[in-house]
Amino acid sequence: MLSSIQAPANLYSAPPAGLAVAFALITLLAVLWFWVAARRSNPKQARVLLVGLLLWMAAQGFFASLGLYQDLAARPPRLLLLAILPALLAIVAAFTTARGRRFINGLPLSTLTYLNVVRIPVELVLYGLFLAKEVPELMTFMGRNPDILVGLTAPLLGLWGFTRPRLPREVVLLWHVLALLLLLNIVFWAVVASPVPFQQVAFANPNVAVLKFPFVWLPAVVVPIVLFGHLVVLRQLSKAPVPASLAT
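Notes on the structure follow. Since we're looking at a predicted model, the values are computed, not measured. (Residues numbered from 1 in each chain as written. Predicted model: local features only at pLDDT ≥ 70, side-chain atom pairs only at ≥ 80, totals over all residues. Heavy atoms only, no water.)

Digging into helix α7 (residues 148-163)
Note the following rule: Going along the chain from the N terminus, every DSSP run of H or I of four or more residues is numbered as a helix, and every run of E of two or more is numbered as a strand. One less than the residue count of a helix, multiplied by 1.5 Å, gives the span that helix is expected to have. A residue's bend is simply the angle between two axes: one fitted to the seven residues ending at it, one to the seven starting at it. With a 1.4 Å probe rolled over the protein chains alone, any residue whose accessible area is under 20% of its type maximum counts as buried; one over 50% counts as exposed, and the rest are partly exposed. Working rule for contacts: check all heavy atoms of both residues, and any pair within 4.5 Å makes them a contact.
Between its first and last C-alpha, α7 extends 22 Å over 16 residues, near the 22 Å set by a 1.5 Å rise per residue. In the structure, α7 departs most strongly from a straight axis at Ala154, where the bend amounts to approximately 40 degrees and where the proline Pro155 lies between one and four residues downstream. Inspection of α7 places Ile148, Val150, Gly151, Ala154, Leu157, Gly158, Gly161 and Phe162 among the buried residues, and these make up the whole buried set. Residues of α7 that are buried sit in contact with α5 (109-114), α6 (119-131), α8 (169-192) and α9 (217-237).

Quick look at the environment of Leu81
Mapped onto the secondary structure, Leu81 falls in helix α3 (residues 78-96). Look at Leu81 and you get partly exposed, because its relative accessible area is 43%. Taking C-alpha positions, Leu81 is 10.0 Å from Tyr69, a pair spaced twelve residues apart along the chain. Leave out the neighbours within four places in its chain, and Leu81 touches Pro76 and Pro86.

So, the nonpolar core
For clarity, the cut-off: Residues belong to a common nonpolar core when they are buried Ala, Val, Leu, Ile, Met, Phe, Trp, Tyr or Cys residues joined through side-chain atoms within 4.5 Å.
The biggest cluster of nonpolar side chains holds 71 residues, and the ones touching the most others in it are Phe23, Leu129, Phe215, Phe228 and Val232. By residue number, the principal contributor to this core is α9, which donates 13 residues. Dropping the residues within four chain positions of it, Phe215 is found in contact with Pro15, Leu19, Ala20, Phe23, Val125, Leu129, Ala209 and Val210.

Following this line, the structure appears as structure tokens:
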């Protein structure tokens, strides 16, 4: 554990422009994909949700461009306080309020399953960031992050689990549980590899990318959307039989 924080050499350097553009497009894809699912539940709420997500992205991009997240002396870490915690509270509110549960109950599970395809380009960008020394190798599929397997298998689960059902409910449930665990796995490594007081690994090449624009959208936007999708599917599949209208 770090007793004091020393700024990594590349903390303030600009990430590769190509990777930045690619990740910005990936984030927009995830948001629009989620919006498509939300429209099936409640078109009016979906419009509000889309505007809210775009404003959230703009705010996070603004904070990152100001260098707020690169201030390693801030306590608690600003990324946790301004990006991660609000997203988690929004998820909790969706599951604990009557309006939120009505919205959740109308979401198409197939679309939320297919959404996990975005994990393929995310993992490719993470590998590019490793080559650029913006994240450690352990955060990539060459290290301790097999999350790309979820993206590769998501089309099959979406097709055989919902669109043209062939798989037992238990198999689909198991896939989402494993996919959720893999998501939590990379979140764990990303946290303990970040230049914060509780950093445990990757001191020579810490995870600095998420402190910069646009990669701050990974913990602030992409991960919460994927996490929310898994929780919704697990909630629905663990209850009564899924209506056919939700499977398409």
